[in-house]
Amino acid sequence: MDYNKLAELLFPHITKEPAEYEKIYPKRNLPANAKITRLGPSPTGFIHLGNLYGAFVDERLAHQSGGIFYLRIEDTDDKRQVEGAVEAIISSLEFFGLTFDEGASMEGDKGDYGPYYQSQRAEIYQTYVKQMIHRGQAYPCFCTEEELAEIREEQEHLKENPGYYGKWAKHRNLSLEEIKSRIDQDQSFVVRLRSQGTHDCAEEEIKMISVEDGIRGTLTIPENDQDIVLLKANGIPTYHFAHVVDDHLMRTTHVVRGAEWLPSLPIHVELFQTLDWPLPIYCHTAQLMKMEDGNKRKLSKRKDPELSLDYYRSEGYHPKAVREYLLTILNSNYEEWRMESPDAPQSSFEFTVGKMSNSGTLFDLDKLNDISKDVLVKIPAQELCQFLIAWAKSYKTELVDLFVGHETYLVKILDLGRSGNKPRKDFVFATQMFEFISYFYDDYFKREDAYPENVSTEDAKAILSAYLESYDHNDDQTQWFNKIREIATTNGYAAKPKDYKKNPGLYKGHVGDVSTVIRIALMGRSMSPDIWEIQQILGERKTKERIHEVL
RNA sequence: GGCUCCAUGGUCAAGCGGUCAAGACACCGCCCUUUCACGGCGGUAACCCGGGUUCGAUUCCCGGUGGAGUCACCA
């Protein structure tokens, strides 16, 4: 077989030599230990927490080492393109604090190793494919979908491994004439790898290969024997081939990807070897799991829309909280570090791939919420106010007028009980925050809770009218509370909870019950920060009004 | 089904041949307290099973079992 002729027959339009690309995309001029990582999303526009989790690893590895983190769009599947998806991905990641040094961006490609859209790199891939054909490392395959299905059926019948390999690879050894005639008939073809591996032997002879994984250590896997598709009929490469060519030419040093790629690692290893390129360091991350029917399951794009990044954005989780959570599940020593350095910026933590867990991590909303509380309590009210406004503008437009123009009011509310050495940790995410402070806004104020059981309706009225009567907006907190004690006493409630505990028979309840009545009249619920402070913000008129309403 | 990965409390997760087997979340109790939080103290709760190796295995090896992933002209 004259491979030279074959290569020309198949790719007459390709005139460049691989060496030219090597020159255009030289080794990067960076310090020896600088890591080059990339995120390669397919533009379905959907990106979930699991993607962010992986992206974080990329970002940390690159930026901690003075390397490069770039964005490459893996749009080799034309059936799955979604309009505006790239923008959505970029803005999502940006929101959560992930920035790229290079690659696809809102303003177009950035950097010297582009184009960064795989769909625009057809000529590059074909150049390498042509070279492989020329060397006898690849060949055209004209099998139709039906033929492939037949092969599979027969393999299933014979209980052999499915796939296109060895003796099943029907077009592996077509003659040049045969190929020529099929081309003349305009038959479409794919280009396949002529795999050097063979499983067509006794089990113990199957060659195993070892790969050092950054997270998992030494991986021992059987070598590849599949004649996988390199180039699809439309001239666009499959993921496997695009990955190898791109990560080589873009000089990626660390390939971070989910564990679902582990089974195809042998393919990639063979490709790198065939092309005689050094292997990048693979880091196969554990999958983020979800509990379903008592079993853990990998997060899925289709099945778990509630785990899309947009879900967290719309619920109003603060990006810093999400990052903090991700970091704690990403590196087992992060939490410990955080306890020792509660105020250090996240970026000063030294992230290491070796500290990553390699079993699936269950996504834990409780934990996220808890972490979120700790994160939010440290954010100044002023900043929280801006955060709430930005959130409302995107996801809750009816609240915008409530906030904008009344920032001072909002800031006061958000700052309630947060000073001192035991600040309240009431806030978790925007939706919840607004719910929590909603009683400050008449349109959203509602009375939900009932008076305590030990307080009769008559007593409640008596307490409230006495409260209204003695109310002086200028009282300081102590004066105000002394009045409450008086009201408690005159109505048969203990002025101090301890008195009540000592002699429960002497009282109907204690001062706490009295304040609860007032609290419910004012806020509509039995849980809230300090009543006096709330009244100061609410103002005298509104305070009195609300008491009046229930009398 | 083949292949691969994984296996410590409900969840996340330290551990790397000898520990009373950390810690965090959740849960429960107590304290603080005018409510709810916050905070403090305490509590319930774990090494999948069976063989080895060893003076000694959660830790190393083998075999089960269980879970997950993957077997496309999708990534």
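Just above, that's the structure.
Here is a short report on the structure shown in this document. (Residues numbered from 1 in each chain as written. Chains lettered and ligands numbered in written order. Predicted model: local features only at pLDDT ≥ 70, side-chain atom pairs only at ≥ 80, totals over all residues. Heavy atoms only, no water.)

## Structural notes on the pairing of strand β5 (residues 190–193)
Alternating positions in β5 separate into two faces, V190 and R192 on one and V191 and L193 on the other, with burial throughout. When strand β4 (residues 138–141) meets β5, the two strands line up antiparallel, connected through 4 bridges. Pairing of Y139 across the sheet is with R192, part of β5. Examined bridge by bridge, β5 and strand β8 (residues 229–231) share 2 bridges and lie antiparallel to one another. Counted as the bridge partner of V191 is L231 from β8. (Buried < 20%, exposed > 50% of the residue type's maximum accessible area, 1.4 Å probe, protein only. Helix = DSSP H or I, 4+ residues; strand = E, 2+ residues; numbered from the N terminus. Pairing = 2+ DSSP bridges.)

## A closer look at the sheet that holds strand β3 (residues 102–103)
Strand order across the open sheet formed by 3 strands is β1-β2-β3, with parallel pairing between neighbours. Of all strands in the sheet, those with a lone pairing partner are β1 (36–39) and β3, marking the two edges. Bridge analysis of strand β2 (residues 68–71) against β3 gives 2 bridges, and the strand direction is parallel. In the sheet register, Y70 faces β3, and the bridge partner there is E102.

## Digging into a positive patch on the surface
On the surface, K496, K498, K501 and K502 cluster together into a patch of positive charge. If you trace the backbone, K496 turns up in the loop between β14 (493–494) and α20 (497–502). (Patch = residues over 30% accessible without salt bridge, like charges linked within 9 Å, V, L, I, M, F, W, Y side chains within 5 Å. Areas by Shrake-Rupley, 256 points an atom, 1.4 Å probe, with all protein chains shown as cover. Salt bridge = Lys/Arg side-chain N within 4 Å of Asp/Glu carboxyl O. Lys, Arg positive; Asp, Glu negative; His and termini not counted. Charge placed at Lys NZ, Arg CZ, Asp CG, Glu CD.)

## Some details on the protein's contact with RNA strand B
Surrounding RNA strand B, one finds 60 residues, the nearest of these being T76, K232, E335, K367 and R424. Taken together, the sugar and phosphate atoms account for 70% of what RNA strand B places within 4 Å of the protein. The side chain of R152 places a nitrogen or oxygen atom 2.6 Å from a phosphate oxygen of RNA strand B. Taking S515, its side chain carries an N or O atom lying 3.1 Å from a sugar or linking oxygen of RNA strand B. Ranked by residues supplied to the surface near RNA strand B, first place goes to helix α21 (residues 511–523) with 5 residues. Partitioning the surface near RNA strand B into residue classes produces 19 nonpolar, 16 polar and 25 charged. (Near = heavy atom within 4 Å. Polar contact = N/O pair within 3.5 Å; in protein donor to acceptor, adjacent residues only side chain to side chain. Nonpolar A, V, L, I, M, F, W, Y, C, P; charged D, E, K, R; others polar.)

## Some details on the sheet that holds β8
Pairing within the open sheet is antiparallel, and its 3 strands lie in the order β4-β5-β8. Of all strands in the sheet, those with a lone pairing partner are β4 and β8, marking the two edges. Averaged over all adjacent pairs, the angle separating strand axes in this sheet is 45°, with direction ignored. (Axes fitted to C-alpha atoms, helices over the stretch in contact; angles between N-to-C directions.)

## Quick look at the layout of surface pockets
Computed from the structure, the second largest pocket encloses a volume of approximately 500 Å³. With 5 residues, the top contributor of residues to the lining of the second largest pocket is helix α13 (residues 365–377). Taken together, the residues of the lining of the second largest pocket sort by class into 8 nonpolar, 2 polar and 10 charged. (1 Å grid on protein atoms, 1.4 Å probe; cavity = no way out; pocket = protein on both sides within 12 Å on 5 of 7 lines; lining within 4 Å. Points joined across faces, edges and corners; volume = space filled by probe spheres on them.)

## What to know about the packing of aromatic side chains
Counted under the stated rule, the structure contains 27 aromatic pairs. Geometrically, the ring pair formed by Y334 and F349 is edge-to-face, given 4.9 Å between the ring centres and 85° between the ring planes. Of the two residues, Y334 is situated in helix α12 (residues 334–340) and F349 in the loop between α12 and β13 (361–362); the sequence distance between them amounts to 15 residues. The ring of Y113 has R28 sitting right over it, with the charged end atom 3.9 Å from the ring centre. Positioned above the aromatic ring of Y164 is the side chain of R192, whose terminal nitrogen or guanidinium carbon lies 3.7 Å from the ring centre. (Phe/Tyr/Trp six-rings, centres within 6.5 Å; stacked < 30°, edge-to-face > 60°. Lys NZ or Arg CZ within 6 Å of the ring centre and 35° of its normal.)

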